[in-house]
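# Tertiary structure, described
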Amino acid sequence: MLLDHTTAFTDYQPVDLLLDLRSGDAEAQANARLRPQNGGVLPGTLIETGSGFKQARALRPGDMVQTFDGGLREVVNVRHSVPRLTAMVHVPAGALGNDAALELPSDAIVAIEGDLALDLFDLPVVTAKLVALIGYNGITTALPERLARIHIECAEEELVWCEGGMVLNAAEAETEGFYELLDLAETRQIVEAGRIEATETFEIDEDAEDADFFGVEAAPAPAFDPIDLLFGRYAA
């Protein structure tokens, strides 16, 4: 049977397919508009580049930044987040290898390297959220501030050198990244290890100090024998 209307052989596309395509586009656009909610650096943070230190707000795609173990790497994207109330943490000089005191966001991702990382986690370098390190080497909380955040992204996950000798993950924090991101319990092991080390370092042997002062050798304390109590040898 022949059809005599003009749309008989017109190409068409199912309506439900069109709806699926449009919803997919909308979802992709929504994801593109999402801004990172943690990690990153403050706009005024100095980042080491191939031409010296630059503020994070001045970095652009194509700039070269100095990374922890990869040398100079190209910045492929710089994302800005809107200012929000940010809990701050004070990092005194020397606490994390930095040669100057710094105030950083509490959710900054910092690198911990050396013997401590090897002894506790059998890794040359690990990363942790700064807030979990409060109490380690004098790290304390600071007053919150309303600040923007900048996320610097390279082709691969990188740790970048910042002012004062700090090494930070300047991109958004990833739980499955190349560098191990410690959870709270693991990070507190670092704090506890630092506390034990400090206690051992500053433990004072009063008898030894007295002996040094008077120029004599400290005599060991006599061993306690419960039998001596029977004879009143320890009576006042």
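Residues numbered from 1 in each chain as written. Predicted model: local features only at pLDDT ≥ 70, side-chain atom pairs only at ≥ 80, totals over all residues. Heavy atoms only, no water.

Our next topic: the pattern of salt bridges. Applying the stated criterion across every chain, the model contains four salt bridges. As a salt-bridge pair, Arg73 and Glu158 come within 3.7 Å of each other at their nearest N and O atoms. Taken as a pair, Arg73 in strand E4 (residues 71–91) and Glu158 in the loop between strand E8 (140–154) and strand E9 (160–161) lie far apart in primary sequence, 85 residues in all. Measuring nitrogen to oxygen at the nearest pair gives 2.9 Å for the salt bridge that ties Arg79 to Glu153. Note that Arg79 is positioned in strand E4 and Glu153 in strand E8, a separation of 74 residues in sequence. Looking at Arg79, the relative accessible area reads 25%, which means it is partly exposed. (Salt bridge = Lys/Arg side-chain N within 4 Å of Asp/Glu carboxyl O. Helix = DSSP H or I, 4+ residues; strand = E, 2+ residues; numbered from the N terminus. Buried < 20%, exposed > 50% of the residue type's maximum accessible area, 1.4 Å probe, protein only.)

Let us now look at the packing of aromatic side chains. Considering all chains together, one arrives at one aromatic pair under this definition. Residues Phe68 and Trp161 carry aromatic rings whose centres are separated by 6.2 Å and whose planes lie at 40° to one another, so their mutual orientation is tilted. Residue Phe68 is located in the loop between strand E3 (64–67) and E4, and its partner Trp161 is located in strand E9; the two are separated by 93 residues in the primary sequence. The partly exposed category is assigned to Phe68, whose relative accessible area is 22%. (Phe/Tyr/Trp six-rings, centres within 6.5 Å; stacked < 30°, edge-to-face > 60°.)

With that settled, consider the side chain of Glu158. Owing to a relative accessible area of 11%, Glu158 belongs among the buried residues under this scheme. The residues touching Glu158, leaving out its near neighbours within four places in the chain, are Thr67, Asp69, Arg73, Leu168, Asn169 and Tyr179. (Contact = heavy atoms within 4.5 Å.)

Another aspect to go through is the nonpolar core. Core analysis: the biggest nonpolar cluster contains 34 residues, and Leu96, Leu130, Leu133, Ile139 and Ile152 have the highest contact counts within it. Mapped onto this core, the elements with two or more residues apiece are E4, strand E5 (102–105), strand E6 (109–113), helix H2 (115–121), strand E7 (125–129), E8 and helix H3 (184–202). Per element, the largest residue contribution to this core is four residues, and it comes from E4. Not counting the four nearest positions on each side in its chain, Ile139 is found in contact with Val89, His90, Val91, Pro92, Ala95, Leu96, Leu130, Leu133 and Ile134. Core analysis: the next-biggest nonpolar cluster, separate from the first, contains five residues, Ala111, Val125, Leu159 and Val167 among them. (Core = buried A, V, L, I, M, F, W, Y, C linked by side-chain atoms within 4.5 Å.)

Below, the discussion takes up the environment of Ile190. Tracing the chain through its elements places Ile190 in helix H3. For Ile190, a relative accessible area of 0% corresponds to the buried category. In sequence terms Ile190 and Tyr136 are 54 residues apart; their C-alpha atoms lie 7.6 Å from each other. Residue contacts for Ile190: discarding those within four places in its chain leaves Ile112, Leu116, Leu120, Phe121, Leu133, Tyr136 and Leu182.

What follows is about unusual backbone geometry. Of note in this structure, Asp122 is not a glycine but carries a positive phi near 60°. Mapped onto the elements of the fold, Asp122 is located in the loop between H2 and E7. With relative accessibility at 63%, the residue Asp122 sits in the exposed group. Despite not being glycine, Asn137 has its phi angle at roughly 55°, a positive value. Within the secondary structure, Asn137 sits in the loop between E7 and E8.

Further remarks concern the pairing of strand E1 (residues 46–49). The alternating pattern of E1 places Ile47 and Thr49 on a buried face and Leu46 and Glu48 on a face that is not buried. By the bridge criterion, four bridges tie E1 to strand E2 (residues 52–55) in an arrangement that is antiparallel. Opposite Ile47, over in E2, you have Lys54 as the bridge partner. Linking two consecutive strands that pair antiparallel, namely E1 and E2, is a turn of two residues. (Pairing = 2+ DSSP bridges.)

Purely geometric stuff here, so don't read any function into it on its own.
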